[in-house]
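In case you want the letters, here they are:
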Amino acid sequence: SMASPALLMRVVASAYSVAEKAATIVRNVMAAGDLGIVEKTGANDLQTKADRLVQMSICASLARKFPKVTIIGEEELPADEVNEELIEDGHCEEILKKTCPAQYTGIKEEELVIWVDPLDGTKEYTEGLLDHVTVLIGIAYGGKAIAGVINQPYYNYEAGADAVLGRTIWGVLGIGAFGFQLTEAPAGKHIIVTTRSHSSTLVNDCISALNPDTVIRVGGAGNKIIQLIEGKASAYIFASPGCKKWDTCAPEAILHAVGGKITDIHGNSFQYNKEVKHMNSAGVLATLRNYDYYASRIPNTVKQSLVP
């Protein structure tokens, strides 16, 4: 008889279904029209009813199946009983059929940390920029992002009434990433994707120093990594604190699974063990290809301003 799939593959397969459930919740909250917006630290740091319900759904669903895994979510929520309607216990069969990379077959539940951003791009969500929004579930082992799921609840939303809404991208280091068409940015073009709502002098000075052909400003870290893997941008640069571990864990795993690279502005890799501080205080630099070109052109003045 076939051995049961490795824990990692079961977690990723469940996270896939959990992310699809999350997308349904996001769309339902938007359709109902009452977003229940709360300011956390200010007008650019918002939480909606969708953030709250989705985090409850993701964390409770995964905790029920994998009780010893550490799950860290963006939102501070009361430990209430979770409504059964929010629980998703399905999994993606296609993921379970993939062979777990040898170095991950012995992983135990207590060695995994799952970083959850229930709604990445909340501000854009409240403004109706729906294609910026993603649901992020990142899976870390030994402090490294090794697998991730990114759901775009509104993928295709401008394609008309008959279009299938939403998609789920997933990846595991050593297997690859799926659910999208991997495309490289145009050769010789320097297209930088950066923040839309968290701009600053430093952010803009850093970008100017790189002399880009084009700058794209969009919301959400998940969305920015998708711009890289679909060839719409050649580098994602954010010379500012503000990005958190739950913003980067899932996107990092997807990007690394297809040979890309993400670090802070100094070139340090991110750590995802459960004790780590949540803030990526030294910014973000990510590319699918040609990382060194961009890394070598970050001004020292920018590096000196951002302390890891």
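Quick caveat, the model's predicted, so the values are computed rather than measured. (Residues numbered from 1 in each chain as written. Predicted model: local features only at pLDDT ≥ 70, side-chain atom pairs only at ≥ 80, totals over all residues. Heavy atoms only, no water.)

Novice: What should I look at first to understand the sheet that holds strand S4 (residues 112-120) in this one?
Specialist: Either a parallel or an antiparallel arrangement is found when strands of a sheet pair, and the pairing is made through backbone hydrogen bonds. Here six strands make up an open sheet; going across it, the order is S3-S4-S5-S6-S7-S8 and the pairing mixed. One side of each edge strand has no neighbouring strand; the edge strands of this open sheet are strand S3 (70-73) and strand S8 (176-178). The mean inter-strand angle of the sheet, taken between neighbouring strand axes irrespective of direction, is 15°. In the sheet, S4 pairs with strand S5 (residues 134-141) via seven bridges, with the strands oriented antiparallel. In the sheet register, valine 113 faces S5, and the bridge partner there is alanine 140. The sheet contacts of helix H2 (residues 49-65) involve S3, S4 and S5, and relative to S4 the element is tilted by about 155°. Contacts from helix H6 (residues 221-229) reach S4, S5, strand S6 (144-152) and strand S7 (167-172) within the one sheet, and its direction differs from that of S5 by about 85°. (Pairing = 2+ DSSP bridges. Helix = DSSP H or I, 4+ residues; strand = E, 2+ residues; numbered from the N terminus. Axes fitted to C-alpha atoms, helices over the stretch in contact; angles between N-to-C directions. Contact = heavy atoms within 4.5 Å.)

Novice: Would you take a moment to explain the packing of H6 against helix H7 (residues 245-257) for this structure?
Specialist: In a pair of packed helices, the angle between the axes and the distance between the axes together describe the arrangement. Direction vectors running N to C along H6 and H7 enclose 15°, while the axes themselves pass 9 Å from each other. Judged by the inter-axis angle, H6 sits roughly parallel to H7. Where H6 crosses over H7, the two elements pack in a sense that is right-handed. On H7, the residues that touch Ala221, Gly222, Ile225, Leu228 and Ile229 of H6 are Asp247, Pro251, Ile254 and Leu255. When its residues are assigned to classes, the contact of H6 with H7 shows seven nonpolar, one polar and one charged. (Parallel < 35°, antiparallel > 145°, perpendicular 65-115°, else oblique. Left-handed = near helix turned anticlockwise from the far one by under 90°. Nonpolar A, V, L, I, M, F, W, Y, C, P; charged D, E, K, R; others polar.)

Novice: How should H6 be read in this particular structure?
Specialist: Structural remark: α-helix, 3.6 residues per turn; residues separated by three or four positions point the same way. A large share of H6 lies buried, amounting to nine of its nine residues. Those residues of H6 not exposed but buried are Ala221, Gly222, Asn223, Lys224, Ile225, Ile226, Gln227, Leu228 and Ile229. (Buried < 20%, exposed > 50% of the residue type's maximum accessible area, 1.4 Å probe, protein only.)

Novice: Is there a simple way to think about the pairing of strand S9 (residues 191-194) in this case?
Specialist: The side chains of a regular strand alternate between the sheet's two faces. Side chains Ile191 and Val193 of S9 all project onto a buried face; the interleaved residues Ile192 and Thr194 project onto the opposite face, where all are buried too. The β-α-β motif built from S9, the intervening helix H5 (residues 201-209) and the parallel element strand S10 (residues 214-217) has right-handed crossover chirality. Pairing analysis gives two bridges linking S9 to strand S11 (residues 235-238), with the strands arranged parallel. Pairing of valine 193 across the sheet is with tyrosine 236, part of S11. (Right-handed = clockwise from strand over helix to strand, strands pointing away.)

Novice: I tried to follow the nonpolar core on my own but got confused; where do I start?
Specialist: In summary, soluble globular proteins display a tendency toward joint burial of nonpolar side chains. Ranked by internal contacts, the top residues of the largest apolar core, which has 100 residues, are Tyr125 and Tyr236. The residues that make up this core include at least three from each of domain 1 (7-178) and domain 2 (191-305). Setting aside residues up to four positions removed in sequence, tyrosine 236 forms contacts with Val193, Ala221, Lys224, Ile225, Leu228, Cys243, Val284, Leu285 and Ala286. (Core = buried A, V, L, I, M, F, W, Y, C linked by side-chain atoms within 4.5 Å. Domains from an automatic or database assignment.)

Novice: Can you walk me through the domain arrangement of the chain in this structure?
Specialist: Many analyses report the size of an interface as the accessible area lost when the parts associate. The domains assigned to the chain are domain 1 (7-178) and domain 2 (191-305). Here the C-alpha centre of domain 2 lies 21 Å away from the C-alpha centre of domain 1. Our count for the contact surface shared by domain 1 and domain 2 stands at three salt bridges. Broken down by secondary-structure element, the contributors of at least two residues to the side of domain 1 that touches domain 2 are S3, S4, helix H4 (122-126), S5, S6, S7 and S8. Looking at the side of domain 1 that touches domain 2, its residues break down into 19 nonpolar, 12 polar and 10 charged. (Salt bridge = Lys/Arg side-chain N within 4 Å of Asp/Glu carboxyl O.)

Novice: Mind showing me how you'd approach unusual backbone geometry here?
Specialist: Comment: phi is negative for the bulk of residues other than glycine, and the bulk of peptide bonds are trans. The phi dihedral of asparagine 211 falls on the positive side, at around 50°, and the residue is not glycine. The exposure class assigned to asparagine 211 is exposed, which follows from its relative accessible area of 62%.

Novice: Just to check I follow, could you spell out the pattern of salt bridges for this structure?
Specialist: Counting across every chain of the model gives 10 salt bridges. With a shortest N-O distance of 2.7 Å, glutamate 124 and arginine 196 are connected by a salt bridge. Of this pair, glutamate 124 sits in helix H4 while arginine 196 sits in the loop between S9 and H5; the two residues are 72 residues apart in sequence, bridging distant segments of the chain. The buried category is assigned to glutamate 124, whose relative accessible area is 2%. Here arginine 196 falls in the partly exposed class, since its relative accessible area comes to 31%. In this structure, glutamate 230 engages arginine 167 in a salt bridge whose closest nitrogen and oxygen atoms are separated by 2.8 Å. Of this pair, glutamate 230 sits in the loop between H6 and S11 while arginine 167 sits in strand S7, and the two are 63 residues apart along the sequence. Residues glutamate 230 and arginine 167 agree in their burial class; the two are buried. Connected via shared salt-bridge partners are Lys40, Asp45, Glu74 and Glu75.

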